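Structure assessment
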Amino acid sequence: MDTKELQKHANSVRKGIVTEVHSAKSGHPGGALSAADLYTYLYMVEMNVDPADPKKADRDRFVLSKGHTCPGLYAAMAERGFFEKKELETFRHTGARLQGHPSMHYLPGVDMSSGSLGQGVSVATGMALSAKLSGESWRVYTLLGDGELQEGQVWEASMFAAAKKLDNLCVIVDNNNLQIDGTVEEVNSPYPIDEKFKAFGFHVIQIDGHDFDQIAKAFDEAKQTKGQPTAIIAKTTKGKGVSFMENQVGWHGVAPNDQQYAQAMDELTKAGEAL
Amino acid sequence: MSEVKKIATRESYGNALVELADEFPQLVVLDADLAGATKTGIFKKAYPDRHIDCGIAEGNMMSIAAGLAATGKIPFASTFAMFAAGRAFEQVRNSIGYPHLNVKIGATHAGISVGEDGASHQCLEDLALMRTIPGMVVMCPADDVEAKAAVRAALEYDGPVYIRFGRAAVPVINGGDDYKFEIGKGTVLREGKDITIIANGLCVAPAVEAAEKLAADGVDAEVINICTIKPLDEELVLASAKKTGKVVTVEEHSVIGGLGGAVAECLSEKCPTLLKRIGVYDKFGESGPAAELLHKYELDAEGIYKQIKAFA
């Protein structure tokens, strides 16, 4: 899939995110939009998954450790064909499969329920260990926020993953630099993120998380890396793609009103047409 | 009287894991640097490739177990009850309970019978905590036979299970050719008509002894062993309560939220009955040899007898 095609899918994923959060009148657009290109690449290219057989045994696994950004996961899954895009409008509604944080029992294709920060990366590590114990070749991907790195459990999992040489594990950090209370430095700086993962025994790759060439190269390099897990630190812009949300901490967990929604969709439609 | 065989249920746990390993090839065992104490070290020795030491990081261990279970393994995650149910509560709740994953938690060193280590390690709240998680099976076996049976039953059951094992050696009271174990089923160890004594864990044997002493005083006590606190064998509890009209629960746990709590909830809703909850009365434990502490906290046969006598 060429870059233009990926950008078109990512544009569609962004529209899905905005639509979900608007229809729910709640949710987390900022960190979903910052990771939209990562979600797109994972679901459209990188992962061996089959929408027609979401539980197939040899599929690659994905654990959304930063579970609150599931509008991005759902939009990417819909883009890949796991369910109709129309269902995105049910996000967070009573009885919906698209729960406010992912649930594996509500929605086939979600490999793990998540939402409590720090735990997803441990679960992904357990899955990677499981594949190693059974001699299976599928891989495990997990997406973390940069604020999430403040959770001690992230480092418990990282120490374990490196100690057990889980080279089938790929940790992705969405480094958009913002969390609820401010910039990550203002709140409790996780920097230097790359040095921390290196010290824990990871192969570390730093990329621009909106550049598909860099994203593709990073995932390929992760697959080539043997004997240690890989951490991809993706520098991103929170709210990416919607002008008034970009780099605005206030858009972490707020839904757009009707007027803001119309503006966001208009911007995204124009951006899509320009591709 | 012949010498009664005594064995700690943590020992039974380690032995059961080894005995069941071939029958359940998906079984893997996790520990958090306590394999020697939790007795999963027995399994580690026999099946080193299926034993994973997670180091001193219990929250991580529970979530790792979730990942293993989500991909087809049957993990037994082991540590002390304090850290399994206490420290890692939220991981157990969100990584295991909410997705209803097939993780078994083998929690050892529960209660004041931990002994000399003292209050920081004597978990008296684990059964209460675990009981609040939807879909969690909670068991507290009384002896070697029941502990091994509970491990097998947990492996055969699909879903999260918490089993509490003890540090101190306890007499073997179950057994015989007709012994059967079923999750959610209690057993009547002694039939009686005047009062019902419901016990679990290491309090079962002294509760039976207390019942014999009561018999000498002319009080005919029924003794029920409730290994599974959740789901509670309500049918058995209610039938006995209706028969005797007076119920006592006995447990090495806080009187808040454990066996006493479960029985109180059941009785007050379905058959209001005079009830006495014997256990640890809303306080922390302390250091000392296990036998001395059980005596001090009136959880040995003499103490249980005294407390029931004052109630009955």
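Everything that follows concerns the structure shown earlier in this document.
Here goes a summary of the coordinates provided. (Residues numbered from 1 in each chain as written. Chains lettered and ligands numbered in written order. Predicted model: local features only at pLDDT ≥ 70, side-chain atom pairs only at ≥ 80, totals over all residues.)

1. What about the nonpolar core?
Condition: Think of a nonpolar core as buried Ala, Val, Leu, Ile, Met, Phe, Trp, Tyr and Cys residues, each tied to the set through C-beta atoms within 7 Å. Burial in this document is a count-based property: other C-beta atoms within 10 Å of a residue's C-beta are tallied, and the residue is buried at 20 or more, exposed at 12 or fewer, or partly exposed in between, with C-beta positions derived from the backbone. In this text, helices come from DSSP runs of H or I with a minimum length of four residues, and strands from runs of E with a minimum of two, each type numbered from the N-terminal end. Here the bounds of each domain stem from an automatic or database domain assignment. Once C-beta atoms are placed from the backbone, any two residues with those atoms within 7 Å are in contact.
Counting residues in hydrophobic clusters, the biggest one holds 181 residues, and the most contacted among them are Ala65, Ile197 and Ala207 of chain B. Sort the elements by how many residues they give to this core and helix H4 (residues 58–70) of chain B lands first, with eight residues. Among the domains, domain 1 (6–171) and domain 2 (187–311) of chain B are the pair contributing at least three residues each to this core. Setting aside its immediate chain neighbours within four residues, Ala65 of chain B contacts Gly126 of chain A together with Leu30, Pro75, Ala77, Ile96 and Val103 of chain B.

2. Quick word on the interface of chain A and chain B
Stated formally: Here the term charged refers only to Asp, Glu, Lys and Arg, the term nonpolar to Ala, Val, Leu, Ile, Met, Phe, Trp, Tyr, Cys and Pro, and the term polar to all other amino acids, Gly among them.
Across the contact, 21 residues belong to chain A and 21 residues belong to chain B. Listed by contribution, the elements that provide at least two residues to the side of chain A that touches chain B are helix H5 (119–134) and helix H6 (152–163) of chain A. If you tally residues by element for the side of chain A that touches chain B, the top one is H5 of chain A, at 11 residues. Its residues assigned to classes, the side of chain A that touches chain B shows 10 nonpolar, nine polar and two charged.

3. Points about H5 of chain A
Spelled out, the test is: Multiplying 1.5 Å by the helix residue count minus one yields the expected span of that helix.
Here H5 of chain A is 16 residues long and its end C-alpha atoms lie 23 Å apart, about the 22 Å a rise of 1.5 Å per residue gives. At the C-terminal side of H5 of chain A, Gly135 of chain A shows a positive phi close to 65 degrees.

4. Things to note about the sheet that holds strand S12 (residues 228–230) of chain B
Residues and elements named next belong to chain B. Where we set the bar: Strands are labelled as partners when DSSP assigns at least two bridges between them. Interaxial angle, 0 to 180 degrees, is taken between N-to-C directions of lines fitted to C-alpha atoms, where a helix line uses only the stretch in contact.
Taken together, seven strands build an open sheet; the order of strands is S3-S2-S4-S5-S7-S6-S12 and the sheet is mixed. Two strands bound the open sheet, and with one partner strand each, they are strand S3 (51–53) and S12. Each strand of the sheet is rotated relative to its neighbour by a mean of 20 degrees, with strand direction disregarded. Here strand S2 (residues 27–31) pairs with strand S4 (residues 74–80) via five bridges, running parallel. Residue pairing in the sheet places Val29 in a bridge with Phe76 of S4. Where H4 meets the sheet, it contacts S2 and S4, and its direction lies at approximately 170 degrees from that of S4. Where helix H8 (residues 144–156) meets the sheet, its contacts fall on S2, S4, strand S5 (104–108), strand S6 (137–139) and strand S7 (161–164), and the angle it forms with S7 comes to roughly 170 degrees.

5. Looking at H8 of chain B
Residue and element names in this part refer to chain B. Helix length check: H8, at 13 residues, gives a terminal C-alpha distance of 19 Å against a target of 18 Å (1.5 Å per residue), a fit within 8%. Most of H8 is tucked away, with 10 of its 13 residues classed as buried. Inspection of H8 places Asp144, Glu146, Ala147, Lys148, Ala149, Ala150, Val151, Ala153, Ala154 and Leu155 among the buried residues, and these make up the whole buried set.

6. With respect to the sheet that holds strand S10 (residues 195–199) of chain B
Residue and element names in this part refer to chain B. A sheet is described by the order of its strands in space; here five strands give the open sequence S9-S11-S10-S13-S14, paired in mixed fashion. At either margin of the open sheet sits one strand with a lone partner, and together these are strand S9 (187–190) and strand S14 (274–280). Mean inter-strand twist for the sheet, computed between neighbouring axes without regard to direction, equals 25 degrees. As defined by bridge partners, S10 adjoins strand S11 (residues 221–225) across five bridges and the pair is classed as parallel. Along S11, the bridge assignment pairs Ala199 with Asn225. Contacting S10, S11 and strand S13 (246–254), helix H10 (residues 234–244) crosses the sheet at an angle of about 150 degrees to S10. Against the sheet, helix H11 (residues 259–270) makes contact with S10, S13 and S14, and its axis sits at roughly 150 degrees relative to S13, the strand it touches most.

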